[in-house]
Amino acid sequence: MTAVVGLEAIGAVQVVVGVDTHQDEHVAVAIDQRGVRLAERHAPASSYGYRELERWSQKLGEVCAFGVEGTGSYGAGLARFLSSRGFTVVEVNRPDRSTRYRKGKSDPTDAEMAARAVLAGVADAIPKSGQGEVEMIRMLKSAKDSAVKARTQAINQMKALIVTAPARLRETLDGLSVSALSTRCRSFRIHRLSDPVSAAKYALRSLACRYDQLSEEIRNLKAELARLIGIASPTLINILGVGPDTAATLLITAGSNPERLRSEAAFAALCGVSPIPASSGKTNRHRLNRGGDRQANAALHRIVVVRLRRDHRTKEYMRRRTGEGMSKLEVMRCLKRYVAREIFSNLQTSRELASSPA
């Protein structure tokens, strides 16, 4: 938090700023500690606009916090700038439907609701810092995932073309593995497109070259991801069931600043593996948490599946709990919660080692 002496030293106005972010322009609204609306500001979504918002907010009083919408998208740049300047930045979700029904929908209204959510303590999540190796991992993993998807599409297209290709060409390609099929199709030599056979060979060769190019791209991205994961959290990959892709997903979920997660229970909630109270009247129960980061939830599920195959302690736990009357799905939910605790402890240890002097 940055203390700004813009007014009298005694009784300085405490300011909370809410920002509704967009691709080209951000809209900010400031309120004081009593909830009184002070001012509104429109600024471009650029470095110049970020500095303008900073100067404008400091003229109003002592800035307690910025509530920023979309810190993972349009507001990422603003959140990084404000954090680097020493301000407290709080991640704010967009207003719910009931609020928009009562207040209407406009950028200044959304910005004001963001400021009021921070003032009331409804919004208190610290956004990801968006820096360091974890941010690099996020970018490379996004590129790798899209390359894998494109390669799968190329394979499927090759197989679909073979199904409808002329018989004499189809018979020479049936039963080949993907790698053998790619090698065979790349060897086709077409002098002129004169009939369906030559057209099919031309298309198959194009798809095979695309497949090989994407495979090489994926290999390079995986190598860089493995290197960055080793820097960000050297011991995470050693946990049973955690592979490079799973490690990357969990690191991205935690962010470059895992200290923003107050406890392992907060990390479990972020991964969607914490039970949610669902009590009413005389009924006292919990329900499954279907929120959180679903990719992180899927990563924890993969870890549990691997351990059920290879870890004798996990197998014994499954036998014991199913013997007590629990279903396999319920036991797996419990196991995911335990794995989330182990992952959080590992991330905290890695952070402490990284911050300790050499």
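Scope of this entry: the structure provided in the associated data block.

Moving on to helix H12 (residues 312-323). When the terminal C-alpha atoms of H12 are compared, their 16 Å separation across 12 residues agrees well with the 16 Å that a helix rising 1.5 Å per residue should span. Of all the residues in H12, the buried ones are Thr314, Tyr317, Met318 and Arg321. Down the axis of H12, the buried side of the element spans an arc of 100°, and every buried residue falls inside it. In H12, the exposed positions that point more than 90 degrees away from the buried face belong to His312, Arg319 and Gly323.

On the surface, Arg287, Arg290, Arg294 and Arg333 cluster together into a patch of positive charge. Structurally, Arg333 can be placed in helix H13 (residues 328-355). Note on Arg333: relative accessible area 32%, which makes it partly exposed.

Looking now at the sheet that holds strand S2 (residues 25-32). Taken in spatial order, the five strands line up as S3-S2-S1-S4-S5 in an open sheet, and their pairing is mixed. Only two strands of the sheet have a single neighbouring strand rather than two, namely strand S3 (37-44) and strand S5 (89-92). If you compare each strand with its neighbour and ignore which way they point, the axes differ by 25° on average. Pairing geometry for strand S4 (residues 62-69) and S5, over four bridges, is parallel. The residue of S5 that forms the bridge with Gly67 is Val90. Across the sheet, helix H1 (residues 47-60) touches strand S1 (14-20), S2, S3 and S4, and the angle it forms with S3 is around 165°.

Analysis parameters
Residues numbered from 1 in each chain as written. Predicted model: local features only at pLDDT ≥ 70, side-chain atom pairs only at ≥ 80, totals over all residues. Heavy atoms only, no water. Helix = DSSP H or I, 4+ residues; strand = E, 2+ residues; numbered from the N terminus. Expected span 1.5 Å × (residues − 1). Buried < 20%, exposed > 50% of the residue type's maximum accessible area, 1.4 Å probe, protein only. Arc of directions from axis to C-beta. Patch = residues over 30% accessible without salt bridge, like charges linked within 9 Å, V, L, I, M, F, W, Y side chains within 5 Å. Areas by Shrake-Rupley, 256 points an atom, 1.4 Å probe, with all protein chains shown as cover. Salt bridge = Lys/Arg side-chain N within 4 Å of Asp/Glu carboxyl O. Lys, Arg positive; Asp, Glu negative; His and termini not counted. Charge placed at Lys NZ, Arg CZ, Asp CG, Glu CD. Pairing = 2+ DSSP bridges. Axes fitted to C-alpha atoms, helices over the stretch in contact; angles between N-to-C directions. Contact = heavy atoms within 4.5 Å.

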